[in-house]
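This is what each chain is made of:
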Amino acid sequence: SRLAETIGTLAFLWARSNLEVEDKFRQNEVLLIMSTLIFNTVTLLERQKRSFGDAAWLECNPEVFLPECEYFLLLLHVVEWPKGWTGPIIKQIEGLFPQATVSGYLPFTGKTERTPGWTGVRSDGQARPEGQGSHKEAVLAHPFTKAPLQWEDYEASRLSPGREFFERHRILFAWVMHNDEVIAWDFVFGKAPSLRHPPVSAPTS
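In this report, the structure presented in the accompanying data block is examined.

Calculation notes
- Residues numbered from 1 in each chain as written.
- Predicted model: local features only at pLDDT ≥ 70, side-chain atom pairs only at ≥ 80, totals over all residues.
- Heavy atoms only, no water.
- Core = buried A, V, L, I, M, F, W, Y, C linked by side-chain atoms within 4.5 Å.
- Buried < 20%, exposed > 50% of the residue type's maximum accessible area, 1.4 Å probe, protein only.
- Helix = DSSP H or I, 4+ residues; strand = E, 2+ residues; numbered from the N terminus.
- Contact = heavy atoms within 4.5 Å.
- Axes fitted to C-alpha atoms, helices over the stretch in contact; angles between N-to-C directions.
- Parallel < 35°, antiparallel > 145°, perpendicular 65-115°, else oblique.
- Left-handed = near helix turned anticlockwise from the far one by under 90°.
- Salt bridge = Lys/Arg side-chain N within 4 Å of Asp/Glu carboxyl O.

### Regarding the nonpolar core
Move 1: Formed by 51 residues in total, the largest nonpolar core has its most connected members in Ile 7, Met 34, Ile 38, Leu 75, Val 139 and Leu 195.
Move 2: Residue contributions to this core peak at 10 residues, all from helix α3 (residues 24-52).
Move 3: Apart from residues no more than four positions distant in its own chain, Met 34 is found in contact with Ile 7, Leu 10, Ala 11, Leu 75 and Trp 81.

Dropping the structure here:
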């Protein structure tokens with residue numbers, strides 16, 4: 001599954017371009033796809049944790065999803081989604097991975113200082129993001145976004161506005177939104193096949 005790469009590419013477009021001004025309709029589509037994929041993935045992980053029970057869940061090495069979920073946390077804090085929607089998803093991720101954080105590190109360099117653009121402290125001790133420009137810089141700096149390499153590739157391969165561009169975009173958007181749950185399933189169970197079937201003795205609710 002290329003779920004993380006897909007979300008990273010969309011996050012790159014959000015952070016690198018100015019869609020809110022240039023193309024509000026496309027911005028809404030980018031945010032809708034990102035939010036749908038994040039929601040489905042986190043919801044599936046939480047459902048499997050409940051089905052397995054805490055002990056069996058830990059035996060399945062759920063930490064393999066920690067990098068992606070920390071990236072989701074970063075996006076949930078900085079992208080302009082409604083707080084009423086992001087709040088519950090953030091709580092779900094923090095319930096799955098209490099150690100998840102969006103501050104205090106620069107994973108692409110291995111440093112431990114704060115990421116530029118993150119200021120203030122939340123009630124749980126994590127840094128609070130501040131400033132739209134620094135928000136986008138933090139997203140572009142993240143390894144999943146791959147900003148230094150993608151912009152040139154994107155510009156070189158982007159179709160000129162016209163019927164072919166419109167049709168390809170429409171088909172891709174329709175396919176993703178029609179298969180959004182399958183994409184999340186393929187990602188989760190492809191990365192951790194042991195999560196597919198809960199133990200017989202595990203609680204089911």
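### Observations regarding the packing of helix α5 (residues 66-78) against helix α6 (residues 83-96)
Move 1: Packing of α5 against α6 leaves a shortest axis separation of 10 Å and a crossing angle of 155 degrees. The angle between the axes of α5 and α6 places the two elements in the roughly antiparallel class. Handedness of the α5/α6 crossing: left-handed. Taking contact as the criterion, the partners of Cys 69, Phe 72, Leu 73, Leu 76 and His 77 in α5 are, on α6, Lys 83, Trp 85, Thr 86, Ile 89, Ile 90 and Ile 93.

### Observations regarding the pattern of salt bridges
Move 1: This model, assessed by the stated rule, comprises three salt bridges.
Move 2: As a salt-bridge pair, Arg 2 and Glu 5 come within 2.8 Å of each other at their nearest N and O atoms.
Move 3: Arg 2 gets classed as exposed once you look at its relative accessible area, which sits at 58%.
Move 4: Its relative accessible area of 37% is what places Glu 5 among the partly exposed residues.

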